[in-house]
Protein chains: 2
Amino acid sequence: MSPAFQSHNARTGEILPGEFHEATLQQVDAALRAAAAAFRPFRSTSVETRALFLERIAAGAEAVAEELIELADQETGLGRPRLPGELVRACNGARMFAAMLREGSWVDARIDTAIPDRKPAPKPDIRLMHRPVGPVVVFGASNFPFAISVIGSDTVAALAVGCPVVVKAHPAHPHTCERLASIVKAAARESGLPDGVFCMVHGRSHEVGSALVAHPAAEAVAFTGSLRGGRALFDVAAKRERPIPVYAEMGSLNPVFLLPGALSSRAEQIAEGFVASLTLGTGQFCTNPAMVLAQGGADLDFFLNEAGRRVAAVAPASMLHRGIHQAYEQGIHRIQALEEVLVTAKASGADPSRGQASAILFEADSEIYFKHQDVLREEVFGPSSVVLRCPEPAEMVRFAESMDGSLSATVHGTPADLEEYRELIDVLQTKVGRLVINGYPTGLEVCPSLHHGGPYPAATHSHFTSIGLGAYLRFVRPFCFQDVPESMLPEELQNSNPRGIWRMVNGVRTQATVG
Amino acid sequence: MSPAFQSHNARTGEILPGEFHEATLQQVDAALRAAAAAFRPFRSTSVETRALFLERIAAGAEAVAEELIELADQETGLGRPRLPGELVRACNGARMFAAMLREGSWVDARIDTAIPDRKPAPKPDIRLMHRPVGPVVVFGASNFPFAISVIGSDTVAALAVGCPVVVKAHPAHPHTCERLASIVKAAARESGLPDGVFCMVHGRSHEVGSALVAHPAAEAVAFTGSLRGGRALFDVAAKRERPIPVYAEMGSLNPVFLLPGALSSRAEQIAEGFVASLTLGTGQFCTNPAMVLAQGGADLDFFLNEAGRRVAAVAPASMLHRGIHQAYEQGIHRIQALEEVLVTAKASGADPSRGQASAILFEADSEIYFKHQDVLREEVFGPSSVVLRCPEPAEMVRFAESMDGSLSATVHGTPADLEEYRELIDVLQTKVGRLVINGYPTGLEVCPSLHHGGPYPAATHSHFTSIGLGAYLRFVRPFCFQDVPESMLPEELQNSNPRGIWRMVNGVRTQATVG
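Worth saying up front: this structure is predicted, and the values here are computed from it rather than measured.

Could you give me a rundown of the overall build of chain A, with the residues and numbers involved?
Within chain A, the secondary structure is distributed over 16 helices and 21 strands. Classification of the 515 residues of chain A by burial places 63% in the buried group. Taking contacts inside chain A between residues at least 6 apart in sequence as the whole, the part at least 24 apart equals 76%. Within chain A, the 56 negative side-chain charges are centred at a point lying 7 Å from the centre of the 46 positive side-chain charges.

Okay, structure coming up:
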């Protein structure tokens, strides 16, 4: 019998009934073999079959929404209205990919027709479209038990395009994962799909994760979590005889720049929005604004006062699990240990025995950042942020030029500010995946235009997003058909364009038939 | 002074006048620093500036075409009509990307407009488009001194999207590289671009290549060459503190399947086309058909006889350089050393002192392949192919299921054959990047539908192509603008759609304006 572990109530720390077993290497192997065996039949299913499958997952989750929310609340402490809202987002995500399948243009079909009498050589008929890569291993995030977990963006994007999925259940919410997995399995059965299209294994150890990534049948990996965890999986995949991509989204500092005009005209309003963003979900967002830069002066002092007042008033809340709480405490202690960094404000009343975090706001001169980058470049996951007081505008550019890749950067500025700080905004665009003007980085809008990724370490591959419609691109590769008879081509590439999709035909975008 | 090396006449082995120096670490650093400094100005240039730059490269090469062809012929022995044809392809490639820039839809613009009064939270305005990743390091191929070298697909695709390029000159044709680099530099000057948009360094040692890939300013790497060379660079990049993608195209076996109906009705014609494909450019193509599978019997014997007769009559020709010739000789000796493998035919008259290769055709029972995969799975770069005699149709499926990733697979079959072998064709689609029916794998058609890549080891990342319009996708990443004022948005994302490009607006593809 492999080692067992239990799940805990996030608020009380109490052990929840029931236990889970570390997957053995045999179980990992069985899951990926089943996925590999299911791949060919699954990739040949119709888009309608897969769209219905996704809709059944969404409907299945909605049918037991209260039960799921209750389970997830016990295991994550995220509460209401967050969890009901997140479940809606997860179900909407499955339906978004179902709609994408039915619309059909996601395959990026391209057709270049033959010219048999071309000189000096005939031009062949060449057609291309996206096809699934094969079994995908999904590691969900602790902070999104619905939207980035068993039925989250990675899973539904992979299933949509015809990739079987093996999920590694998150050890911090295994009960929620089990319930969600049963919903996906039931949806697969109802859709007449082979069992291997979806499997889940449990594990707290690195060994289970490494074994999944190292397995010869795995073709791609999706991960959301810490830099250390993501990089470890990336390294395992890179060392394989046949390397596979690990799409890891690993969080970032998400710096916020407060430009002078904005700071002078609406510091209070920005402070309110900033603290709400910083402390949303107890600060447990990948897009949490962990650093703020502004020119020193009375306006910044006023902002610090306003923001500090609000941070001090934040009610303590339990973090997702004790490990995250401990890491948060260690992270803020590392910052507090720097004597040049001051604590602007700290929320009171947190009970460490209940895993509760105190929101905290630090301030320092920007030179301290450059002196202590070893500490201050590192993300502290939780409701903590450091305000850097810059002596001059050029210092913000210097920060931007030296910063690590980040999911987002936010700039608050009047039109005149934005004009004056064009260089800063230009540099930021080479460092992040998303630029937010006069808003806040948390709260992702899931839509075709969203990009949730960015230069390393925000993500391991900046071309891909883990959230939004583009998330499926990680799990497809273009496939090229040369002189393949019409009857053997997928519908999407047939002359008659039976699905009426958008295609590029001889260089021109069209929904028309060919010939 | 760093170590010097010379170039050689590919046919005679004579040293060509002039010498080249291994780039020092300082030179590598200077090249990448210059590229990094040029990135921000270069990415801000208009598409028209970059289109003109590409066209000047093409025009510059065409203006000295005879000189380039003469140089390349000395250094590669590829001769005419191959080299003039390849130069045309390279110049067409530059112009294809210029046309792509002017058309403009390559940025994959997406717009989701705001809904300020949405409940429970306002919907922000989100817009997305492709932006360049930064400095790209290009390693050209020995076998394409024009089309996959200094002015080849990798370089022009990267320059098109606004990525500065540092080329590592191929040590087997450094004179050709120097001449081409001077053309690119002149085009950059004429276009008013900073010098750092294009640099070239020389080197034969692994150290130069590794230093380029390890340099902190490098953002992506393109490589075409051997599995060993590509994997070495991949490993360097994966071990960086900040890993970067290495897009390596590393060749493959490109198996050809001869189905019974085709073999019985047109074995002679297939043999003619096959031998032409096998020996084109002295077999020095990544898509060279290095393995043939067919059911044993009289039809296959007839094919072997016809193909063997043609292989025996192939005139000897010098390979690209002595190193490749030596590797070819070693590769065919490894195969010949297997006693169960017979030499069907071998061309005579090759003069090893002139680096000349003899085309060779082997035959063996398919079980020998499974017994000696250590030898037979490995690509032998040159005009060598092994015909595997299969005892039954299922053996071809077994081969396909066990084969490594490959750039292409080719199937010759009558309509009835293709119907009967659907399973084989289905399995092949999970293993290769391009399926060719009743044709030959060599001779790429450069167009939007082409995919030149495939599962590892054909390429390090199966989502990307190194040839064709899609080649630029390796050098861009999506960038997301949230609530960014119209005046600060790139033209491609402005409401008025001033460039008239195709965009996805609120989920619908359109060339229309917004609002």
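Would you mind going over the sheet that holds strand S6 (residues 165–168) of chain A in detail, with residue names and values included?
All names here are of chain A. Read across the sheet, 5 strands follow the order S7-S6-S5-S8-S9 without closing on themselves; strand pairing throughout is parallel. Both outer strands of the open sheet, strand S7 (198–201) and strand S9 (246–249), are each paired with one neighbouring strand and no more. Going from strand to strand, the sheet's axes swing by 15° on average, the running direction of each strand aside. Sheet analysis places strand S5 (residues 136–139) next to strand S8 (residues 220–224), joined by 4 bridges and oriented parallel. Bridge assignment links Val-137 to a residue of S8, and that residue is Val-221. Of the strands in this sheet, S5, S6, S7, S8 and S9 touch helix H7 (residues 206–214), which is tilted by about 155° from S5.

Which residues make up the relation of the copies chain B and chain A, and what values do they have?
Once turned by 180° and shifted 0.0 Å along the axis, chain B lies on chain A with an RMSD of 0.0 Å. One copy is carried onto the other by what is essentially a two-fold rotation axis. The C-alpha atom lying nearest the rotation axis in chain B is that of Ala238(B); the distance is 3.2 Å. Comparing interface residues between copies, 100% of those in chain B also sit at the interface in chain A, which points to an isologous, same-surface contact.

Explain the sheet that holds strand S18 (residues 432–437) of chain B to me, using residue names and the numbers behind them.
Spatially, the 12 strands line up as an open sheet ordered S21(A)-S20(A)-S3(A)-S4(A)-S19(A)-S18(B)-S17(B)-S10(B)-S11(B)-S16(B)-S15(B)-S13(B), and their pairing is mixed. Every interior strand has two partners, whereas the edge strands, strand S21 (508–510) of chain A together with strand S13 (342–346) of chain B, have only one. Each adjacent strand pair in this sheet contributes to an overall mean axis angle of 20°, direction not counted. Relative to S21(A), strand S20 (residues 503–505) of chain A runs antiparallel, the two sharing 3 bridges. Looking at S21(A), one finds that Val505(A) is bridged to Val508(A).

Now, about the interface of chain B and chain A: what can you tell me, with residues and values included?
With 74 residues of chain B at the interface, the matching set in chain A holds 74 residues. Counting each side, the surface lost to burial between chain B and chain A is near 6300 Å², with a carbon and sulfur contribution of 55%. Run the count over chain B and chain A and you get 10 salt bridges. For Asp426(A), the salt bridge identified is with Arg40(B), shortest N-O distance 3.1 Å. Inspection of the region where chain B meets chain A yields 42 residue pairs in polar contact (both at pLDDT 80 or more). The set of elements that each furnish at least two residues to the side of chain B that touches chain A consists of helix H1 (25–43), strand S3 (110–112), strand S4 (126–132), helix H8 (227–238), helix H16 (422–428), S18 and strand S19 (476–482) of chain B.

Now, about the packing of helix H3 (residues 65–76) of chain A against helix H6 (residues 174–190) of chain A: what can you tell me, with residues and values included?
All names here are of chain A. As a packed pair, H3 and H6 sit with axes 8 Å apart at the nearest point and diverge in direction by 155°. By the angle class used here, H3 and H6 are roughly antiparallel. Packed against H3, whose contacting residues are Glu-67, Leu-68, Leu-71, Ala-72 and Glu-75, the element H6 presents Pro-174, His-175, Thr-176, Arg-179, Leu-180 and Ile-183 at the interface. Looking at the contact of H3 with H6 residue by residue, the class counts come to 6 nonpolar, 2 polar and 3 charged.

I'd love a proper account of the domain arrangement of chain A, names of residues and values included.
Residues and elements named next belong to chain A. Under the domain assignment used here, chain A contains domain 1 (22–250 + 464–475) and domain 2 (256–437). Listed as interface residues are 11 residues of domain 1 and, on the opposing side, 11 residues of domain 2. Summing both partners gives a buried area of about 800 Å² for domain 1 against domain 2, and 60% of it is carried by carbon and sulfur. Our enumeration of links across domain 1 and domain 2 arrives at 0 salt bridges. For the pair domain 1 and domain 2, the interface holds 1 residue pair in polar contact (both at pLDDT 80 or more). Here the residues of the side of domain 1 that touches domain 2 sort into 4 nonpolar, 4 polar and 3 charged.

Just give me the short version of the environment of Ala59(A), but keep the residues and values in it.
Here Ala59(A) shows up in helix H2 (residues 47–63). Through-space distance from the C-alpha of Ala59(A) to that of Ser105(A) is 25 Å; in sequence the pair is 46 residues apart.

How would you explain the side chain of Glu445(B) if you had to name every residue and give the values?
Tracing the chain through its elements places Glu445(B) in the loop between S18 and S19. Given the relative accessible area of 11%, Glu445(B) is considered buried. In this structure the side chain of Glu445(B) is engaged in a polar contact, spanning 2.8 Å, whose partner is the side chain of Arg118(A). Residue contacts for Glu445(B): discarding those within four places in its chain leaves Arg118(A), Lys123(A), Pro124(A), Ile126(A) and Leu450(B).

Residues and numbers for empty space enclosed by the protein, please.
All chains considered together, the criterion is met by 8 cavities of 30 Å³ or more. When its volume is computed, the largest cavity comes out at roughly 280 Å³. Taken together, 20 residues form the lining of the largest cavity, with Phe234(A), His461(A), Phe234(B), Pro245(B) and His461(B) sitting closest to its centre. The set of elements that each furnish at least two residues to the lining of the largest cavity consists of helix H8 (227–238) and S9 of chain A together with H8 and strand S9 (246–249) of chain B. Of the residues contributing to the lining of the largest cavity, the split by class is 16 nonpolar, 4 polar and no charged.

Kindly report on the packing of aromatic side chains, identifying the contributing residues and their values.
Any two aromatic rings considered together are summarised by their centre-to-centre distance and by the angle between their planes. Tallied over the entire structure, the rule returns 26 aromatic pairs over all chains. On the numbers, 4.9 Å between centres and 70° between planes, the contact of Phe479(A) with Phe481(A) is edge-to-face. On the basis of relative accessible area, Phe479(A) is assigned to the buried category, the value being 0%. Relative to Phe53(B), the ring of Phe42(B) lies with its centre 6.3 Å away and its plane at 75°, an arrangement referred to as edge-to-face. Linking Phe42(B) in helix H1 with Phe53(B) in helix H2 (residues 47–63), this pair joins segments that are 11 residues apart in sequence.

Report on the nonpolar core, specifying residues and quantitative values.
Grouped together as the largest cluster of nonpolar side chains are 260 residues, with contacts concentrated most on Phe97(A) and Phe97(B). Sequence-distant contacts of Phe97(B), that is, excluding residues within four places in its chain, are made with Leu54(B), Ser153(B), Val156(B), Ala157(B), Ala160(B), Gly468(B), Leu469(B), Ala471(B) and Tyr472(B).

Please give an account of unusual backbone geometry that cites residues and values.
Cis geometry marks the peptide bond from Lys119(A) to Pro120(A), where omega comes out at 0°. As for its position among the elements, Pro120(A) is in the loop between strand S3 (110–112) and strand S4 (126–132). With phi around 55°, Asn438(B) is a residue other than glycine that occupies positive phi space. Position of Asn438(B) among the secondary structure elements: in the loop between S18 and S19. A positive phi is found at Asn497(B), a non-glycine position, where the angle reads about 45°. Looking at where Asn497(B) falls in the secondary structure, it is placed in the loop between S19 and strand S20 (503–505).

Conventions and cut-offs
- Residues numbered from 1 in each chain as written.
- Chains lettered and ligands numbered in written order.
- Predicted model: local features only at pLDDT ≥ 70, side-chain atom pairs only at ≥ 80, totals over all residues.
- Heavy atoms only, no water.
- Helix = DSSP H or I, 4+ residues; strand = E, 2+ residues; numbered from the N terminus.
- Buried < 20%, exposed > 50% of the residue type's maximum accessible area, 1.4 Å probe, protein only.
- Contact = heavy atoms within 4.5 Å.
- Lys, Arg positive; Asp, Glu negative; His and termini not counted.
- Charge placed at Lys NZ, Arg CZ, Asp CG, Glu CD.
- Pairing = 2+ DSSP bridges.
- Axes fitted to C-alpha atoms, helices over the stretch in contact; angles between N-to-C directions.
- Least-squares fit on C-alpha atoms with pLDDT ≥ 70 in both.
- Buried area = accessible area lost by both parts, 1.4 Å probe.
- Salt bridge = Lys/Arg side-chain N within 4 Å of Asp/Glu carboxyl O.
- Polar contact = N/O pair within 3.5 Å; in protein donor to acceptor, adjacent residues only side chain to side chain.
- Parallel < 35°, antiparallel > 145°, perpendicular 65-115°, else oblique.
- Nonpolar A, V, L, I, M, F, W, Y, C, P; charged D, E, K, R; others polar.
- Domains from an automatic or database assignment.
- 1 Å grid on protein atoms, 1.4 Å probe; cavity = no way out; pocket = protein on both sides within 12 Å on 5 of 7 lines; lining within 4 Å.
- Points joined across faces, edges and corners; volume = space filled by probe spheres on them.
- Phe/Tyr/Trp six-rings, centres within 6.5 Å; stacked < 30°, edge-to-face > 60°.
- Core = buried A, V, L, I, M, F, W, Y, C linked by side-chain atoms within 4.5 Å.

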